[in-house]
Amino acid sequence: MLSNEDIASLKIPRHVAIIVDGNGRWAKERGLTRMKGHDAGFKNLKKLTKHIINRGVEVVSFYVFSTENFKRSAEEVGHLMDIFVTLYKRNLKEFMDNNIKVIFSGRDEPLPKSVMKARDELARKTANNTGGIVNLCLNYGGRAEIVDAVKKIAADPNVDIENLTEADFGKYLYQDLPDVDLMIRTSGELRLSNFLLWQNSYAEFYFPQTKFPDFHEDDFDQALVEYTRRDRRFGAIKNA
Ligand code: IPE
Ligand code: IPE
Ligand code: MG
(Lines give C-alpha, C1' and ligand atoms only; values in the text may rest on other atoms or scores of the structure.)
(Ligands and ions follow the chains in the order given, each with its own letter.)
Protein backbone atom coordinates (compact mmCIF):
# COMPACT_ATOMS: atom_id res chain seq x y z
CA MET A 1 0.00 0.00 0.00
CA LEU A 2 1.30 3.44 -0.88
CA SER A 3 1.31 6.26 1.70
CA ASN A 4 -0.29 9.60 0.85
CA GLU A 5 3.22 10.97 0.43
CA ASP A 6 4.11 8.20 -2.07
CA ILE A 7 0.91 8.89 -3.98
CA ALA A 8 1.67 12.61 -4.18
CA SER A 9 5.09 11.89 -5.73
CA LEU A 10 3.73 9.68 -8.53
CA LYS A 11 3.85 10.77 -12.16
CA ILE A 12 0.42 10.11 -13.59
CA PRO A 13 0.24 8.94 -17.21
CA ARG A 14 -2.43 10.59 -19.37
CA HIS A 15 -3.21 7.37 -21.24
CA VAL A 16 -2.81 3.86 -19.80
CA ALA A 17 -3.38 0.82 -22.01
CA ILE A 18 -3.93 -2.63 -20.52
CA ILE A 19 -3.85 -6.02 -22.25
CA VAL A 20 -6.17 -8.01 -20.06
CA ASP A 21 -4.39 -11.38 -20.21
CA GLY A 22 -4.26 -14.60 -18.21
CA ASN A 23 -7.95 -15.17 -17.45
CA GLY A 24 -7.78 -18.71 -18.86
CA ARG A 25 -4.64 -19.71 -16.96
CA TRP A 26 -5.99 -18.16 -13.75
CA ALA A 27 -9.05 -20.41 -14.04
CA LYS A 28 -7.04 -23.51 -14.94
CA GLU A 29 -4.89 -23.12 -11.81
CA ARG A 30 -8.09 -23.26 -9.78
CA GLY A 31 -9.64 -26.18 -11.64
CA LEU A 32 -12.29 -23.85 -13.12
CA THR A 33 -13.47 -23.44 -16.71
CA ARG A 34 -12.02 -20.66 -18.92
CA MET A 35 -15.47 -19.01 -18.74
CA LYS A 36 -15.11 -18.59 -14.96
CA GLY A 37 -11.74 -16.97 -15.61
CA HIS A 38 -13.36 -14.41 -17.90
CA ASP A 39 -16.09 -13.74 -15.32
CA ALA A 40 -13.41 -13.05 -12.70
CA GLY A 41 -11.42 -10.92 -15.15
CA PHE A 42 -14.34 -8.68 -16.03
CA LYS A 43 -15.33 -8.27 -12.40
CA ASN A 44 -11.80 -7.06 -11.76
CA LEU A 45 -11.84 -4.77 -14.80
CA LYS A 46 -14.76 -2.83 -13.33
CA LYS A 47 -13.05 -2.28 -9.99
CA LEU A 48 -9.74 -1.40 -11.57
CA THR A 49 -11.31 1.14 -13.92
CA LYS A 50 -12.61 3.21 -11.02
CA HIS A 51 -9.24 3.14 -9.29
CA ILE A 52 -7.29 4.11 -12.41
CA ILE A 53 -9.57 7.08 -13.12
CA ASN A 54 -9.40 8.09 -9.43
CA ARG A 55 -5.62 8.22 -9.74
CA GLY A 56 -6.04 10.98 -12.34
CA VAL A 57 -5.48 9.02 -15.55
CA GLU A 58 -7.47 10.65 -18.39
CA VAL A 59 -7.88 7.63 -20.65
CA VAL A 60 -7.61 3.92 -19.93
CA SER A 61 -7.78 1.54 -22.89
CA PHE A 62 -8.53 -2.12 -22.23
CA TYR A 63 -7.88 -4.82 -24.83
CA VAL A 64 -10.90 -7.01 -24.16
CA PHE A 65 -11.26 -8.91 -27.44
CA SER A 66 -8.94 -9.00 -30.43
CA THR A 67 -9.90 -9.61 -34.05
CA GLU A 68 -7.84 -12.82 -33.64
CA ASN A 69 -9.87 -14.01 -30.62
CA PHE A 70 -12.63 -15.19 -32.98
CA LYS A 71 -10.35 -18.21 -33.55
CA ARG A 72 -11.37 -19.52 -30.09
CA SER A 73 -14.13 -22.08 -29.48
CA ALA A 74 -17.74 -21.06 -30.12
CA GLU A 75 -18.45 -21.62 -26.43
CA GLU A 76 -15.70 -19.24 -25.28
CA VAL A 77 -16.47 -16.55 -27.90
CA GLY A 78 -20.18 -16.80 -27.06
CA HIS A 79 -19.49 -16.45 -23.34
CA LEU A 80 -17.32 -13.38 -23.90
CA MET A 81 -20.01 -11.81 -26.10
CA ASP A 82 -22.57 -12.44 -23.34
CA ILE A 83 -20.24 -10.76 -20.85
CA PHE A 84 -20.00 -7.70 -23.09
CA VAL A 85 -23.77 -7.37 -23.38
CA THR A 86 -24.18 -7.73 -19.59
CA LEU A 87 -21.32 -5.35 -18.93
CA TYR A 88 -23.16 -2.66 -20.84
CA LYS A 89 -26.60 -3.44 -19.51
CA ARG A 90 -25.71 -3.85 -15.84
CA ASN A 91 -23.10 -1.14 -15.49
CA LEU A 92 -24.57 1.95 -17.08
CA LYS A 93 -25.59 3.34 -13.70
CA GLU A 94 -22.12 2.85 -12.28
CA PHE A 95 -20.46 4.60 -15.23
CA MET A 96 -22.95 7.46 -14.86
CA ASP A 97 -22.43 7.70 -11.07
CA ASN A 98 -18.67 7.87 -11.62
CA ASN A 99 -18.99 10.36 -14.52
CA ILE A 100 -17.03 7.98 -16.81
CA LYS A 101 -17.32 8.21 -20.58
CA VAL A 102 -17.15 4.85 -22.35
CA ILE A 103 -15.88 4.70 -25.92
CA PHE A 104 -15.03 1.75 -28.16
CA SER A 105 -12.37 0.85 -30.67
CA GLY A 106 -12.73 -1.95 -33.18
CA ARG A 107 -14.55 -3.27 -36.19
CA ASP A 108 -18.26 -4.12 -36.32
CA GLU A 109 -18.01 -7.32 -38.37
CA PRO A 110 -18.54 -10.09 -37.24
CA LEU A 111 -19.86 -8.92 -33.85
CA PRO A 112 -23.36 -10.12 -32.95
CA LYS A 113 -26.03 -7.43 -33.34
CA SER A 114 -26.86 -7.60 -29.62
CA VAL A 115 -23.27 -6.65 -28.75
CA MET A 116 -23.17 -3.76 -31.22
CA LYS A 117 -26.49 -2.45 -29.92
CA ALA A 118 -25.45 -2.54 -26.26
CA ARG A 119 -22.04 -1.07 -27.17
CA ASP A 120 -23.53 1.87 -29.06
CA GLU A 121 -26.09 2.54 -26.37
CA LEU A 122 -23.48 2.66 -23.62
CA ALA A 123 -21.31 5.00 -25.69
CA ARG A 124 -24.26 7.27 -26.47
CA LYS A 125 -25.53 7.45 -22.89
CA THR A 126 -22.13 8.19 -21.36
CA ALA A 127 -20.99 10.58 -24.13
CA ASN A 128 -21.29 13.73 -22.00
CA ASN A 129 -19.51 12.38 -18.92
CA THR A 130 -16.34 14.28 -18.12
CA GLY A 131 -14.61 12.42 -15.27
CA GLY A 132 -12.40 10.15 -17.38
CA ILE A 133 -12.53 7.95 -20.48
CA VAL A 134 -12.60 4.16 -20.77
CA ASN A 135 -11.75 2.94 -24.25
CA LEU A 136 -12.87 -0.67 -24.68
CA CYS A 137 -10.98 -2.30 -27.54
CA LEU A 138 -13.48 -4.88 -28.70
CA ASN A 139 -12.98 -6.82 -31.92
CA TYR A 140 -9.89 -4.67 -32.17
CA GLY A 141 -6.74 -5.19 -34.24
CA GLY A 142 -3.94 -2.64 -34.55
CA ARG A 143 -3.22 -3.37 -38.20
CA ALA A 144 -6.93 -3.38 -39.03
CA GLU A 145 -7.19 0.06 -37.40
CA ILE A 146 -4.42 1.45 -39.59
CA VAL A 147 -5.89 -0.09 -42.76
CA ASP A 148 -9.34 1.28 -41.84
CA ALA A 149 -7.82 4.75 -41.29
CA VAL A 150 -6.17 4.66 -44.71
CA LYS A 151 -9.51 3.74 -46.29
CA LYS A 152 -11.22 6.67 -44.54
CA ILE A 153 -8.51 9.04 -45.72
CA ALA A 154 -8.82 7.79 -49.30
CA ALA A 155 -12.59 8.32 -49.16
CA ASP A 156 -12.34 11.86 -47.74
CA PRO A 157 -12.60 14.42 -50.54
CA ASN A 158 -11.24 17.18 -48.27
CA VAL A 159 -7.98 15.50 -47.36
CA ASP A 160 -4.74 17.20 -48.44
CA ILE A 161 -2.59 14.10 -48.81
CA GLU A 162 0.65 15.98 -49.62
CA ASN A 163 0.52 17.84 -46.32
CA LEU A 164 -0.95 15.06 -44.14
CA THR A 165 0.75 15.04 -40.71
CA GLU A 166 0.94 12.33 -38.07
CA ALA A 167 -1.59 14.29 -35.99
CA ASP A 168 -3.95 14.42 -39.00
CA PHE A 169 -3.58 10.66 -39.48
CA GLY A 170 -4.50 10.11 -35.82
CA LYS A 171 -7.88 11.73 -36.44
CA TYR A 172 -8.85 8.88 -38.79
CA LEU A 173 -8.16 6.14 -36.23
CA TYR A 174 -11.11 4.59 -34.37
CA GLN A 175 -10.65 7.19 -31.62
CA ASP A 176 -8.50 10.30 -31.60
CA LEU A 177 -6.67 9.81 -28.27
CA PRO A 178 -3.40 10.97 -26.74
CA ASP A 179 -0.46 8.57 -27.24
CA VAL A 180 -0.25 5.74 -24.74
CA ASP A 181 2.16 6.61 -21.90
CA LEU A 182 2.04 3.32 -20.01
CA MET A 183 1.23 -0.08 -21.54
CA ILE A 184 0.62 -2.96 -19.13
CA ARG A 185 0.22 -6.62 -20.11
CA THR A 186 -0.59 -8.98 -17.29
CA SER A 187 0.29 -12.71 -17.04
CA GLY A 188 3.96 -12.52 -18.05
CA GLU A 189 3.52 -12.58 -21.83
CA LEU A 190 5.97 -10.24 -23.54
CA ARG A 191 4.22 -9.21 -26.73
CA LEU A 192 1.80 -6.64 -28.11
CA SER A 193 -0.54 -9.08 -29.90
CA ASN A 194 -1.61 -6.37 -32.37
CA PHE A 195 -2.65 -3.83 -29.70
CA LEU A 196 -2.68 -0.07 -30.39
CA LEU A 197 0.26 -0.26 -32.79
CA TRP A 198 0.09 3.43 -33.71
CA GLN A 199 -0.64 4.78 -30.20
CA ASN A 200 1.95 2.62 -28.37
CA SER A 201 4.79 4.07 -30.43
CA TYR A 202 6.57 5.65 -27.43
CA ALA A 203 4.80 3.95 -24.51
CA GLU A 204 6.63 2.64 -21.46
CA PHE A 205 6.00 -1.11 -21.17
CA TYR A 206 5.26 -2.96 -17.93
CA PHE A 207 4.86 -6.72 -17.81
CA PRO A 208 3.73 -8.07 -14.42
CA GLN A 209 3.55 -11.86 -13.93
CA THR A 210 0.16 -11.52 -12.23
CA LYS A 211 -2.78 -12.88 -14.19
CA PHE A 212 -5.48 -10.32 -14.82
CA PRO A 213 -8.14 -11.49 -12.30
CA ASP A 214 -5.48 -11.01 -9.58
CA PHE A 215 -4.18 -7.65 -10.83
CA HIS A 216 -5.74 -5.30 -8.27
CA GLU A 217 -5.50 -1.66 -7.23
CA ASP A 218 -2.19 -2.09 -5.37
CA ASP A 219 -0.65 -3.84 -8.36
CA PHE A 220 -1.66 -0.94 -10.58
CA ASP A 221 -0.08 1.47 -8.07
CA GLN A 222 3.16 -0.51 -8.34
CA ALA A 223 3.03 0.02 -12.10
CA LEU A 224 2.74 3.77 -11.43
CA VAL A 225 5.76 3.62 -9.10
CA GLU A 226 7.76 1.93 -11.87
CA TYR A 227 6.48 4.41 -14.48
CA THR A 228 7.53 7.32 -12.23
CA ARG A 229 11.11 5.93 -12.21
CA ARG A 230 11.36 5.67 -15.99
CA ASP A 231 13.36 8.27 -17.91
CA ARG A 232 11.34 9.14 -21.00
CA ARG A 233 13.66 10.72 -23.53
CA PHE A 234 11.73 10.60 -26.82
CA GLY A 235 14.99 10.48 -28.73
CA ALA A 236 16.55 13.54 -27.15
CA ILE A 237 19.66 13.68 -24.94
CA LYS A 238 18.68 14.91 -21.50
CA ASN A 239 20.87 16.82 -19.05
CA ALA A 240 23.50 17.38 -21.76
C1 IPE B 1 -7.47 -12.72 -21.90
O2 IPE B 1 -7.26 -13.87 -21.17
C3 IPE B 1 -8.91 -12.40 -22.03
C4 IPE B 1 -9.42 -12.30 -23.39
C5 IPE B 1 -8.87 -12.71 -24.49
C6 IPE B 1 -10.71 -11.69 -23.46
P7 IPE B 1 -6.99 -15.21 -21.97
O8 IPE B 1 -8.28 -15.86 -22.28
O9 IPE B 1 -6.12 -14.93 -23.14
O10 IPE B 1 -6.21 -16.05 -20.88
P11 IPE B 1 -4.99 -17.02 -21.15
O12 IPE B 1 -3.94 -16.23 -21.88
O13 IPE B 1 -5.51 -18.17 -21.95
O14 IPE B 1 -4.55 -17.41 -19.79
C1 IPE C 1 -4.52 -10.53 -26.52
O2 IPE C 1 -4.45 -11.67 -25.71
C3 IPE C 1 -5.93 -10.13 -26.72
C4 IPE C 1 -6.67 -9.74 -25.53
C5 IPE C 1 -6.23 -9.71 -24.31
C6 IPE C 1 -8.02 -9.30 -25.75
P7 IPE C 1 -4.36 -13.14 -26.32
O8 IPE C 1 -4.28 -14.05 -25.17
O9 IPE C 1 -5.46 -13.34 -27.29
O10 IPE C 1 -3.00 -13.05 -27.14
P11 IPE C 1 -1.98 -14.17 -27.60
O12 IPE C 1 -2.77 -15.16 -28.41
O13 IPE C 1 -1.39 -14.78 -26.38
O14 IPE C 1 -0.98 -13.42 -28.41
MG1 MG D 1 -4.12 -14.92 -23.43
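Keep in mind that this is a model prediction, so the values were computed, not measured.

The rules we used
- Residues numbered from 1 in each chain as written.
- Chains lettered and ligands numbered in written order.
- Predicted model: local features only at pLDDT ≥ 70, side-chain atom pairs only at ≥ 80, totals over all residues.
- Heavy atoms only, no water.
- Helix = DSSP H or I, 4+ residues; strand = E, 2+ residues; numbered from the N terminus.
- Expected span 1.5 Å × (residues − 1).
- Buried < 20%, exposed > 50% of the residue type's maximum accessible area, 1.4 Å probe, protein only.
- Contact = heavy atoms within 4.5 Å.
- Phe/Tyr/Trp six-rings, centres within 6.5 Å; stacked < 30°, edge-to-face > 60°.
- Near = heavy atom within 4 Å.
- Polar contact = N/O pair within 3.5 Å; in protein donor to acceptor, adjacent residues only side chain to side chain.
- Areas by Shrake-Rupley, 256 points an atom, 1.4 Å probe, with all protein chains shown as cover.
- Nonpolar A, V, L, I, M, F, W, Y, C, P; charged D, E, K, R; others polar.

Draft legend 1. Quick peek at helix α5 (residues 113-126). Here α5 contains 14 residues, and its C-alpha end-to-end distance of 20 Å stays within 8% of the 20 Å for a straight helix at 1.5 Å per residue. Where α5 is concerned, the buried positions are Val115, Met116, Ala118, Arg119, Leu122 and Thr126. Buried residues along α5 sit in contact with α4 (74-97), β3 (100-105) and β4 (132-140).

Draft legend 2. Quick peek at the packing of aromatic side chains. Under the definition given, this model contains 11 aromatic pairs. With a centroid separation of 6.1 Å and 85° between ring planes, the pair formed by Tyr140 and Phe195 is classed as edge-to-face. With Tyr140 in strand β4 and Phe195 in the loop between β5 (182-185) and β6 (204-206), this pair connects stretches of sequence that are 55 residues apart. With respect to burial, Tyr140 and Phe195 carry one shared label: buried.

Draft legend 3. Molecular detail of the site of ligand 1. Taken together, the neighbourhood of ligand 1 is formed by 13 residues, with Val20, Asp21, Arg25, Arg34 and Arg72 sitting nearest. Residue Gly22 places a main-chain N or O atom 3.4 Å away from an oxygen atom belonging to ligand 1. Residue Asn23 places a main-chain N or O atom 3.2 Å away from an oxygen atom belonging to ligand 1. Taken by itself ligand 1 offers 380 Å² of open surface, and the protein chains cover 89% of this. Elements with a contribution of two residues or more to the shell around ligand 1: α2 (23-29), α3 (34-54) and α4. The element contributing the most residues to the shell around ligand 1 is α2, with three residues. In terms of residue class, the shell around ligand 1 is built from three nonpolar, five polar and five charged.

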